[in-house]
Structures are given as C-alpha cells and as structure tokens.
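# Tertiary structure, described
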Amino acid sequence: MIDLKRNSKKKPILATGLRTKSSSSYNPNQKQDFKISRGKFSNFLTCKRCFYLDRVKGFDVPGTPSWTLNETTDFLLKKEFDYCRKKQIPHRLLIENDLNHIVPFDHPDIDNWRDSLHRGLILKYKNTNIILTGGVDDIWQDTVSKKLIIVDYKSQAKNGSIDSKEYLEDPYHEAYKIQMDFYAYLLSGMGFEVDKYSYFLVCNARREDREFNKKMNFDEYLIPYKWSIDWIEDKLNEMVLLMNKDKIPASNQSCKNCAYSDQYARLIFKNLSE
Ligand code: SF4
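Residue indices follow the written sequence of each chain, beginning from 1 at its first position. This being a predicted model, a pLDDT of at least 70 is required before a residue's local features are given, and a value of 80 or more before pairs of side-chain atoms are given or counted; all residues contribute to the totals for chains, interfaces and linings.

## Observations regarding the sheet that holds strand β4 (residues 130–134)
An order of β1-β4-β3 is seen for the three strands of this open sheet, with the pairing classed as mixed. Each edge of the open sheet carries a strand with a single partner, namely β1 (34–37) and β3 (121–124). With strand direction ignored, the average angle separating the axes of adjacent strands in the sheet is 25°. Strands were regarded as paired on the criterion that DSSP finds at least two bridges between them. Here a strand is any run of E in DSSP of at least two residues, a helix any run of H or I of at least four, and the numbering for each starts at the N terminus. As paired strands, β1 and β4 are joined by four bridges and run parallel to one another. Inter-axis angles, ranging from 0 to 180 degrees, are taken between N-to-C directions of lines fitted to C-alpha atoms, where helices are fitted over the stretch in contact.

## Quick look at the environment of D54
Here D54 is to be found in helix α2 (residues 48–55). We call a residue exposed when 12 or fewer other C-beta atoms sit within 10 Å of its C-beta, buried when the count reaches 20 or more, and partly exposed for counts in between; the C-beta positions come from the backbone. The class for D54 is buried, based on 20 C-beta atoms found within 10 Å. Separated by 35 residues in the primary sequence, D54 and R19 place their C-alpha atoms 8.9 Å from one another. We call two residues in contact when the distance between their C-beta atoms, placed using the backbone, is within 7 Å. Once you skip the residues sitting within four places of it in the chain, D54 turns out to touch N43, F59 and V61.

## With respect to the packing of helix α1 (residues 38–46) against helix α7 (residues 174–189)
At their nearest, the axes of α1 and α7 sit 10 Å apart, and the two run at 130° to each other. Of the possible angle classes, the one that applies to α1 and α7 is oblique. Note on packing geometry: the crossing formed by α1 with α7 is right-handed. Side by side, α1 and α7 meet where R38, F41, S42 and L45 of the first sit next to A175, I178, Q179 and F182 of the second. By residue class, the composition of the contact of α1 with α7 is five nonpolar, two polar and one charged. For classification purposes, angles smaller than 35 degrees are called roughly parallel, those larger than 145 roughly antiparallel, those between 65 and 115 roughly perpendicular, and all remaining angles oblique. Whether a crossing is left-handed or right-handed is set by the direction in which the near helix is turned from the far one by less than a right angle, anticlockwise for left-handed and clockwise for right-handed. Three categories are distinguished: nonpolar for Ala, Val, Leu, Ile, Met, Phe, Trp, Tyr, Cys and Pro, charged for Asp, Glu, Lys and Arg, and polar for the others, with Gly belonging to the last.

## Section: the site of the ligand
By definition, a residue lies near a molecule or strand when the C-beta atom built from its backbone is within 6 Å of it. Within the structure, the ligand sits among C47, R49, C50, S251, N252, C255, N257 and C258. Elements that contribute at least two residues to the shell around the ligand include exactly α2 and α9 (256–273). Taken together, the residues of the shell around the ligand break down into four nonpolar, three polar and one charged.

## With respect to the sheet that holds strand β8 (residues 218–226)
Taking strand neighbours across the sheet as the criterion, the five strands line up as β2-β5-β6-β7-β8 in an open arrangement whose pairing is mixed. At either end of the open sheet lies a strand with only one pairing partner, and these are β2 (102–104) and β8. Direction aside, neighbouring strands of the sheet carry axes that sit 30° apart on average. Across four bridges, strand β5 (residues 138–142) lies against strand β6 (residues 148–157) in antiparallel orientation.

## With respect to helix α3 (residues 68–87)
Given 3.6 residues per turn, any residue in an α-helix points the same way as the ones three and four places further on. For α3, with 20 residues, the first-to-last C-alpha span of 29 Å sits near the 28 Å given by 1.5 Å per residue. Those residues of α3 not exposed but buried are T73, L77, F81 and R85. Seen end-on, α3 carries its buried residues on one side only, within an arc spanning 110°. Of the exposed residues in α3, those oriented more than 90 degrees away from the buried face are T68, E71, T72, F75, L76, K79, Y83, K86 and K87. In a helix, the anticipated span is given by 1.5 Å times the number of residues less one. As used here, the arc belongs to the directions running from the helix axis to the C-beta atoms.

## Looking at unusual backbone geometry
Here K146, not a glycine, exhibits a phi torsion of approximately 70°, which is positive. As for its placement among the helices and strands, K146 is situated in the loop between β5 and β6. Located in the positive-phi region is K214, a residue other than glycine, with phi close to 65°. Inspection of the secondary structure puts K214 in the loop between β7 (197–205) and β8. Among the residues examined, K214 registers 5 C-beta atoms within 10 Å and is labelled exposed.

## What to know about the nonpolar core
One finds I139, I149, I150, Y183, A184 and L187 to be the most contacted residues of the largest nonpolar core, which totals 42 residues. Top contributing element to this core by residue count: α7, with seven residues. Those residues in contact with A184, other than ones at most four positions away along the chain, are I150, V194, S198, W227 and I229. Among buried residues, those of type Ala, Val, Leu, Ile, Met, Phe, Trp, Tyr and Cys that are joined through C-beta atoms within 7 Å form a set called a nonpolar core.

So this is what it looks like as structure tokens:
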C-alpha cells in the first residue's frame, strides 16, 4: 500500500525511511528500560528482520489506514460493557450464552489496560530492561471462581454463520490466538488469576441482507479459546537476545513487501548504473 508521510497539518513531507525520535529505537545492550508492545512481539514472530530494522535500527515502517468501522464496533461494545461493569451485571450476550455468572471486571486500571497506545497491561520481563505491554479490549470476571477472563473483540464480514472450531483453526486467525496468549502471559505475570478460557467476541456483518439502508446488521458470537503461555518465554528470550546483537537477522521469504523491495532495487539500480 502507498503511505505518504504527512505533517500535523496533513501536508505530504519528505519521507526519510527513518524515525526521528531516537528514544523509540533500542541500542543493543542499553541499560534503560525499553517497551515492547504485543504488536511488536507479533512482528518478531512473523519476521525477525523487520522487527530488528524497526525496533533497533529505527526504520520508519509504512503504516496502514485505521480500521474505523472495526473500531466503531469496538467502541460501541465498550459502551455496552461499561454500562454492565458499572452495575456489575452480565451483558446480554453473556446471558444469551448461559454465562450469567460472568460480569465485566471492575478495576480502577481498566481504562489504562485498554489503552493500547499509551498504557495497556504492563509487565517487566524477568531481570531484563524490557517492559512488555498489551492493550486488551476487555476483561471479565467469573463471579464464582473470581478468575479473570480475557476478551478480544473482532469484527468481520463473512457469508453464513461462524463455527468456533473453524474460526480457531483458520491460519489467518493464528495471530489472534498469539495475541490472546500474550495477554494471558501479561495478566498472569501481573499477579492475577486468569481463567484458562478467554473469549473472542466476534461481530460478523450480515452480507446476506437485501440492502444497506443506512444500517449494517451483525451476528454476534462468543468463541471460547483455551490460551497457552508455555511457549512465550522461549520466544521472548530469543527476542531479547536478538535486540542485543549487532547482526541483521534473516527475513521472511513469504513476505511480499520484501520481494517487492528486492525487485524495485534490482530494477532501479540496474537502470541507474546503465
Ligand atoms: S520480509 Fe517483510 S516483514 Fe521481513 S524485513 Fe522484509 S519487508 Fe519486513
């Protein structure tokens, strides 16, 4: 996708390919704390080279447009769940799914935990200077066991109904499960007892509707997912090791962006040298 660098007045400006804020890059073996978000950890799992160029070398990675329709479903759901949080009652979706014993978790930090840009769940990784962060969509509580339940809202548009097994086995949803595992790791590390089941609250827009007429209808699904955190520390150790090295790691050979850059460099440099 084409991403033009713009100033605060939205005017296109010169793109250098590097970020200007030096504190947003990690210097191998630095002593100061450095934040790694859930999204950056996911990038590490997908492509070590891109993660390294971004976090250590300060490359300014092209962005993607914000998903405003998805964000709107999240925003409206948040309002519904906040209403129930205040009253400590189960949300209609929980009642429909025979989960009347679950209510939105009422905690003074809930807004910070949901702020993925500035706060999120925060955990210092063992004896390193790496601070792990991750902004959750919501946290519920089982009123019987008192355990916390991690919730992630997902919006999509797919014909027909959604089957939980298919949803979780879809290779495109692999990253969703990693996301949930990471939140479970953070929340457990922060000292909370976390229920072994988390939930994807999936809002599926009905493409079968006859017309738009200023309205998009959705079906809602609660998809339980049994998280697993056994694998996370091995990967985090690998990540910290990589950040403290001065060597650029291998790329992901399936990445179309790198293949594009490669073709671009070959063609342009060939033409320039002729
Ligand atoms: S393979 Fe893709 S993700 Fe990795 S460095 Fe290249 S562009 Fe980035």
